[in-house]
Amino acid sequence: MEPVCVHSCKGLCNALKAAERHEEEALLEYRRFAAECDYPEVKQILDSLVADRERALAMLRAKREILLEKFAVIDRINDSFA
């Protein structure tokens, strides 16, 4: 069952978690294909796909960390008014 966006991102962002999971799965698959590949041009394409997916996964994780920090700051600000 696919995760559904709850439209309340604070600690519940299913979209980023799902995107990360898909990138991780694609990376594993591309790495496996590249490791088994004997044809240099195809291996080069697969290695390029692995590099692209690694960058995408790193970007997703970095952006998610930024969002988590923003939420933490908002929580501290809200707590200061309580």
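Predicted model only: the values in this text are computed from it and were never measured. (Residues numbered from 1 in each chain as written. Predicted model: local features only at pLDDT ≥ 70, side-chain atom pairs only at ≥ 80, totals over all residues. Heavy atoms only, no water.)

Q: Teacher, can you tell me more about helix H1 (residues 14–36) here?
A: Between its first and last C-alpha, H1 extends 33 Å over 23 residues, near the 33 Å set by a 1.5 Å rise per residue. Along H1, the positions that sit buried rather than exposed are Leu16, Ala18, Glu20, Glu23, Ala26, Leu27, Tyr30 and Ala34. Of the surrounding secondary structure, the elements contacted by the buried residues of H1 are helix H2 (40–81). (Helix = DSSP H or I, 4+ residues; strand = E, 2+ residues; numbered from the N terminus. Expected span 1.5 Å × (residues − 1). Buried < 20%, exposed > 50% of the residue type's maximum accessible area, 1.4 Å probe, protein only. Contact = heavy atoms within 4.5 Å.)

Q: Explain the packing of H1 against H2 to me, please; I cannot follow it from the model alone.
A: Axis angle and axis distance: for two packed helices, these are the angle between their axes and the distance between the axes, and together they describe the pair. Closest axis-to-axis distance for the H1/H2 pair is 9 Å, and the angle between their directions is 160°. One finds that H1 runs roughly antiparallel with respect to H2. For H1 against H2, the interelement crossing comes out left-handed. The residue makeup of the contact of H1 with H2, split by class, is 15 nonpolar, no polar and 10 charged. (Axes fitted to C-alpha atoms, helices over the stretch in contact; angles between N-to-C directions. Parallel < 35°, antiparallel > 145°, perpendicular 65-115°, else oblique. Left-handed = near helix turned anticlockwise from the far one by under 90°. Nonpolar A, V, L, I, M, F, W, Y, C, P; charged D, E, K, R; others polar.)

Q: Where do I start with the pattern of salt bridges in this structure?
A: When charged atoms on two side chains of opposite charge get close, those side chains can pair. Per the stated rule, a full pass over the model turns up 7 salt bridges. Glu20 is paired through a salt bridge with Arg61; the nearest N and O atoms lie 3.5 Å apart. Taken as a pair, Glu20 in helix H1 and Arg61 in helix H2 lie far apart in primary sequence, 41 residues in all. For the salt bridge of Arg31 with Glu54, the shortest nitrogen-to-oxygen distance reads 2.5 Å. Here Glu54 lies in helix H2 and Arg31 lies in helix H1, a separation of 23 residues in the sequence. Exposure remark for Arg31: the relative accessible area of 38% places this residue in the partly exposed category. (Salt bridge = Lys/Arg side-chain N within 4 Å of Asp/Glu carboxyl O.)

Q: Where do I start with the side chain of Glu20 in this structure?
A: Judged by relative accessible area, which is 7%, Glu20 ranks as buried. Only 2.4 Å separates the side chain of Glu20 from the side chain of Arg64, close enough to count as a polar contact. Setting aside residues up to four positions removed in sequence, Glu20 forms contacts with Leu57, Leu60, Arg61 and Arg64. (Polar contact = N/O pair within 3.5 Å; in protein donor to acceptor, adjacent residues only side chain to side chain.)

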